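# Results of the structural survey
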Amino acid sequence: MTDRRLSLQEFQERVLGAAPVDAPSTPQSAFESVVSVHDAEELDIPRVPPMRNDHGRVIAFLILVGFIGGALQVLCTWLIDMLLRLRGTAMNQTNADVAFVLWTLYTLAFLNSAVLWTRLAPSAAGSGIAQMKTVLTGIDPTLYLPGYFSPRALVAKIGGLVLANGAGLQIGSEGAFVHIMAIIAHMLLQVRHFAPLQDRLSVRLQLLAASAAVAVSSAFGSPIGGVLFSIEVTATYYLISNYLKAFVSAVAAAMMAVWTNELLAHGDGMLDVIARNAALAPATPKSLWEVPLAMVLGALMGVMGAIALSATQWLAHRRQLWASSELASTRLFLRWGDPMLVALLTATATFFVTRQGLLVSLPDLLSEAPVEAPWALVLSGAIPLVLLPLSITLKFPTGVWLPTFVGGAAFGRLFGAAVSALFPSLPLDTRGFALVGAAALTGASTRTVSAAVIALEITGSLRHVLPVLSGVLVSIGTASLSGQPSMYDILVEANDLPYLPLMEFHRHQTVADILRDQVVYVSASTSVLRVLLALNRLPNHEIPVVASEGNRKLLGVVSKDDLMDLVRRFYARHGLNSCERDWGDEAGDDKASLWSTRFTARTTPTLDHIYTTLHRRPSSSTSLRGDGLYPVHPAMLMNDDKMTELLSRDWSPSKKALLQEVVALGSDYMIRPLAMTLSAETTLEDVHMLFTMLRMDHCYVTDVGQLRGVITTRSLIKAAAR
């Protein structure tokens, strides 16, 4: 009889006909005779323990970070105001020459103090946002940004920020404060109560992103703008689940800043004066020309922003060349001479305009206060824009927002005055143009629409929503036409940071070009000794499992807990002891663990960091950025004979023989299939997209199921550099 494929209708009739007559024709009973259906109780499905509910812990963490950020921002602002008032006493001198000398010496002294203080931790130099952008891509900061989260960096960042701003330099504080809050969030995650929150990288990164929102919210009293800023500046791909976390911290920070100001009776700060002036300003009728004129102003601010970005990029490149110069005199000039020249130029420019009363403050620019001399607006806008590119890449904590905000407000006010003079019949609000200019220039420099939201939150002026948003969007578009990256991306390039979204690869580059064939793995049937070697090489990480030593078909990965349980049972069954020391968890007085005791189970470096260490050349030194992973040379770690000799120094002959016994990773130990592997022919452009979107730091490579090797973020970065 010839087999014939049944049609769908014939198959259904045959199945339904097989069912008992008195049985209800339900989907389950109809198909039971053809397909075996088991009850859930009959299946041997391992019970998964319920996930720990950390919602309360997360909320407490977010509120605590917000409160600390708000109070710390008020303290730093108060200290900076005190130093600026001290500088202002130089103007009390009747002799202009004496006043200029005092003013200049003050600026030089505090700038040098900022440089010296920042040298306590080199990672404290600069904005900090560029580094934060890089951290939030998922890279291992212990490898690429050593010291970025250290308490030493926190002290250096706060002291350098206060001293540099107190010197009167044309820099902001938001970038430095993002770094400060990131360190505080990292330190809180080391506290026993909050430590479980960093078990998962995604949650840890969400909490760090929320700390960035705290920084901006407390600096400007702008919780909505703070959250949007953290999304635009620090996020490559934003998780909606982080949205609420960022708002909780941002609101807590803004509340704490207000309460701290009231409790300390500091009086009205700059933001309070701006908000009060905006509330007292007389309402002007809306004009149909407001939005078109705001767009024209936005285009002008976009051109100015592009010029400032070009100057910043050129200076950053020159300073990179000076830093790598072989001449000691050039490096000495970069360290001390360059900052002193910037300080001298800043002191000279700010002294004469302040002495002549030509420097208009930001509250006055955003109010209806009349400005007698147009030159005052020109100078008030030009000085921050000229001095910002000179200052932003120096080796002390800096920021971008305040200089661009003041400069944009001055030019916006000047634009409004010019339009009013040319068209006196138009009912225009010059204060509104100052607000548009401030937000537009800041948005053009940072490529952030949140500049508009923060400007509106600062003034509380919802009347100008449409002009401000229109001006910011046009300014960003105009600045983007120049081809210049944002200010923060320029700082990423200036610091040679491994920021994956900015990297490019040739179309012909594939995984095979960067593949590392030395991989730590165990086979499905292996000796206990090889399990110990794998646990020492990849502590606290899942380990790949292959079919056998001769057949490297990748079966999946097994957790370190399962392997430790296997070793523990084997040791108990044969009366052996010190299993924790043998797999590298404890270091005795007479025998160092193969894994450095510097790292606890919760701060273990990533596989990218580990494989970067294991793949070092035999001729290289043991020193490595973020070193201290292993007390022996990495080249020795991948040598089975030498590793076995090191581990077995204190073992008896009988123990050595027992550990050669073969054990099977059977049903007792779950081998979890890998969600993704790569082929050697996969292009690096595709790998780059995967690593960026999924925040991966490594991926195993297979060929027809056979394990060929591994690629890491480090190898991807090197391929982009070439």
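Residues numbered from 1 in each chain as written. Predicted model: local features only at pLDDT ≥ 70, side-chain atom pairs only at ≥ 80, totals over all residues. Heavy atoms only, no water.

If you check an unreviewed UniProt entry, the protein appears there as Chloride channel protein from Achlya hypogyna. Entered under Sequence similarities (unreviewed entry) in the UniProt record, the comment concerning the protein runs "Belongs to the chloride channel (TC 2.A.49) family." (UniProt positions renumbered as here; feature names shortened; annotations may be inferred.)

Turning next to the packing of helix 3 (residues 55-88) against helix 9 (residues 201-220). Two numbers describe how helix 3 lies on helix 9: the axes approach to 9 Å, and their chain directions differ by 35°. Helix 9 is crossed by helix 3, and the crossing has right-handed handedness. Contacts from V58, F61, L62, V65, G66, G69, G70 and Q73 of helix 3 reach helix 9 at L207, A210, S211, V214, S218 and A219. In terms of residue class, the contact of helix 3 with helix 9 is built from 8 nonpolar, 6 polar and no charged. (Axes fitted to C-alpha atoms, helices over the stretch in contact; angles between N-to-C directions. Helix = DSSP H or I, 4+ residues; strand = E, 2+ residues; numbered from the N terminus. Left-handed = near helix turned anticlockwise from the far one by under 90°. Contact = heavy atoms within 4.5 Å. Nonpolar A, V, L, I, M, F, W, Y, C, P; charged D, E, K, R; others polar.)

Before going further, it helps to examine the sheet that holds strand 7 (residues 698-703). Taking strand neighbours across the sheet as the criterion, the 3 strands line up as 6-7-8 in an open arrangement whose pairing is mixed. Two strands lie at the open edges of the sheet, namely strand 6 (678-679) and strand 8 (706-712), each paired on one side alone. Summarising the sheet, strand 6 and strand 7 pair through 2 bridges and their orientation is parallel. Of the residues in strand 7, the one forming a bridge with L678 is V701. Set on the sheet, helix 29 (residues 684-694) makes contact with strand 6, strand 7 and strand 8; between it and strand 8 the angle comes to about 65°. (Pairing = 2+ DSSP bridges.)

By the element assignment, G126 lies in the loop between helix 4 (96-118) and helix 5 (129-135). Placed 273 residues apart in sequence, G126 and G399 show a C-alpha to C-alpha distance of 7.9 Å. Setting aside its immediate chain neighbours within four residues, G126 contacts K157, L394, F396, P397 and T398.

With that settled, consider the side chain of T448. Structurally, T448 can be placed in the loop between helix 18 (430-446) and helix 19 (450-459). Setting aside residues no more than four positions away along its own chain, T448 makes contact with E232, V233, W401, T442, G443, V472 and I476.

As paired strands, strand 7 and strand 8 are joined by 6 bridges and run antiparallel to one another. Its bridge partner being in strand 8, T702 is matched across the sheet by L707. Between strand 7 and strand 8, which pair antiparallel and follow one another directly, the connecting turn spans 2 residues, one of which, V704, has a positive phi of 55°.

Before going further, it helps to spend a moment on the confidence of the model for the protein. Residues of the protein with pLDDT of at least 70 account for 82%, and the chain-wide mean is 81. Low confidence marks residues 587-602, where pLDDT is under 50. Its contacts with residues over four positions away, or in another chain, come to 43 contacts. Residue range residues 619-628 is modelled with pLDDT below 50. Its contacts to residues more than four positions away, or to other chains, number 23 contacts. (pLDDT = per-residue confidence, 0-100.)

Attention shifts here to the sheet that holds strand 1 (residues 522-523). Across the sheet, which stays open at both edges, the 3 strands sit in the order 1-3-4 with mixed pairing between neighbours. The open sheet is flanked by strand 1 and strand 4 (554-558), the only strands paired with a single partner. When strand 1 meets strand 3 (residues 543-546), the two strands line up parallel, connected through 2 bridges. Along strand 3, the bridge assignment pairs S523 with V546.

It is at 10 Å that the axes of helix 3 and helix 8 (residues 174-189) come closest, and there the two elements cross at 140°. The orientation of helix 3 relative to helix 8 falls into the category oblique. The element helix 3 and its partner helix 8 pack so that their crossing is right-handed. Between helix 3 and helix 8, the residues in contact are F61, L64, V65, I68, G69, L72, Q73 and C76 and F177, I180, M181, I184, A185, L188 and L189, respectively. Split by residue class, the contact of helix 3 with helix 8 holds 13 nonpolar, 2 polar and no charged. (Parallel < 35°, antiparallel > 145°, perpendicular 65-115°, else oblique.)

On the surface, V251, M255, V258, W259 and L263 cluster together into a nonpolar patch covering about 490 Å² of accessible area. Counting through the fold element by element, V258 comes out in helix 11 (residues 241-264). (Patch = residues over 30% accessible without salt bridge, like charges linked within 9 Å, V, L, I, M, F, W, Y side chains within 5 Å. Areas by Shrake-Rupley, 256 points an atom, 1.4 Å probe, with all protein chains shown as cover. Salt bridge = Lys/Arg side-chain N within 4 Å of Asp/Glu carboxyl O.)

We now examine the packing of aromatic side chains. Across all of its chains, the model carries 14 aromatic pairs by this definition. Centre to centre, the rings of Y148 and F149 are 4.9 Å apart; their planes meet at 80°, and the pair counts as edge-to-face. Across this residue pair, the class does not change: Y148 and F149 are buried. Through a chain of ring-to-ring contacts, three or more aromatic side chains come together here, namely F100, W103, F351 and F352. Between R204 and the ring centre of F149, over which it is positioned, the NZ or CZ distance is 5.5 Å. (Phe/Tyr/Trp six-rings, centres within 6.5 Å; stacked < 30°, edge-to-face > 60°. Buried < 20%, exposed > 50% of the residue type's maximum accessible area, 1.4 Å probe, protein only. Lys NZ or Arg CZ within 6 Å of the ring centre and 35° of its normal.)

Okay, the nonpolar core next. Counting residues in each nonpolar core, the largest one holds 120 residues, and the members touching the most others are F61 and F396. Among the elements that take part in this core, helix 9 stands out by supplying 12 residues, more than any other. Both domains that furnish three or more residues to this core are identified here as domain 1 (54-268) and domain 2 (289-327 + 340-495). With residues near it in sequence (within four places) discarded, F61 still touches A185, L188, L189, F194, L197 and L207. Core analysis: the next-biggest nonpolar cluster, separate from the first, contains 42 residues, L538, C579, Y611 and W651 among them. (Core = buried A, V, L, I, M, F, W, Y, C linked by side-chain atoms within 4.5 Å. Domains from an automatic or database assignment.)

Applying the stated criterion across every chain yields a total of 9 salt bridges. Salt-bridge contacts for R530 lead to E549; the nearest nitrogen and oxygen are separated by 3.4 Å. In this pair, R530 is assigned in helix 22 (residues 528-537) and E549 in the loop between strand 3 and strand 4, connecting sequence segments 19 residues apart. Residue classification places E549 among the partly exposed residues on the basis of a relative accessible area of 39%. In this structure, the salt-bridge partner of E542 is R672, at a minimum N-O distance of 2.4 Å.

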